[in-house]
Amino acid sequence: MIGLRPRGWPLWLFRVMVTFAALSMFAQAALAGGLLAGHFDMLALHRDNSTVSVLIVTAMTVAGVLLHRPGRGPSWPMWVSLVCLVVSVGQALLGYTRTLSLHVPFGVLITAALLLLLVWAWRPMTQESR
């Protein structure tokens with residue numbers, strides 16, 4: 001398997017899901033910014049989008065598994081996706097309990113991980129990309 005590029009459809013599925021996940025997390029940041037700017041109705045949207053975000057990251061994790069097997073891709077995107085999922089669930093729980101001292105930094109961590117996955121997923125796939 002060394003030197004093989006990921007197969008087409010699992011890679012495209014992962015690309016789509018990581019794109020949706022990154023967009024959802026961007027929306028979370030924008031909604032949080034609206035809340036901090038005094039638009040308190042944004043809190044309900046931020047809460048609702050957190051559920052959507054966790055569902056999208058769950059689908060991204062499944063896509064990461066499919067990218068690795070049967071897609072013959074590297075395993076690290078699957079593991080990073082799984083970490084994003086676990087942290088996203090924890091992030092939502094921290095938000096519900098209003099533990100902002102951890103909620104905000106974990107949000108930054110998730111966003112950074114998703115951006116790294118997004119950049120990797122959309123680069124041209126060569127043997128060195130693995």
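Scroll up to find the structure this text is about.
Residues numbered from 1 in each chain as written. Predicted model: local features only at pLDDT ≥ 70, side-chain atom pairs only at ≥ 80, totals over all residues. Heavy atoms only, no water.

J.: Explain the overall build of the chain to me, please; I cannot follow it from the model alone.
T.: A tally of helices and strands in the chain yields 4 helices and 0 strands. Each helix and strand of the chain, placed in order from N terminus to C terminus, yields the pattern α-α-α-α. Within the chain, the fraction of its 130 residues that count as buried is 38%. Considering only intrachain contacts with a sequence separation of at least 6, the fraction spanning at least 24 residues in the chain is 74%. (Helix = DSSP H or I, 4+ residues; strand = E, 2+ residues; numbered from the N terminus. Buried < 20%, exposed > 50% of the residue type's maximum accessible area, 1.4 Å probe, protein only. Contact = heavy atoms within 4.5 Å.)

J.: Explanation requested: the environment of Met17 in the structure shown.
T.: One can find Met17 in helix 1 (residues 8–36). A relative accessible area of 13% places Met17 in the buried class. As a C-alpha pair, Met17 and Thr61 span 44 residues in sequence and 8.7 Å in three-dimensional space. Leave out the neighbours within four places in its chain, and Met17 touches Ile56, Ala59, Met60 and Ala63.

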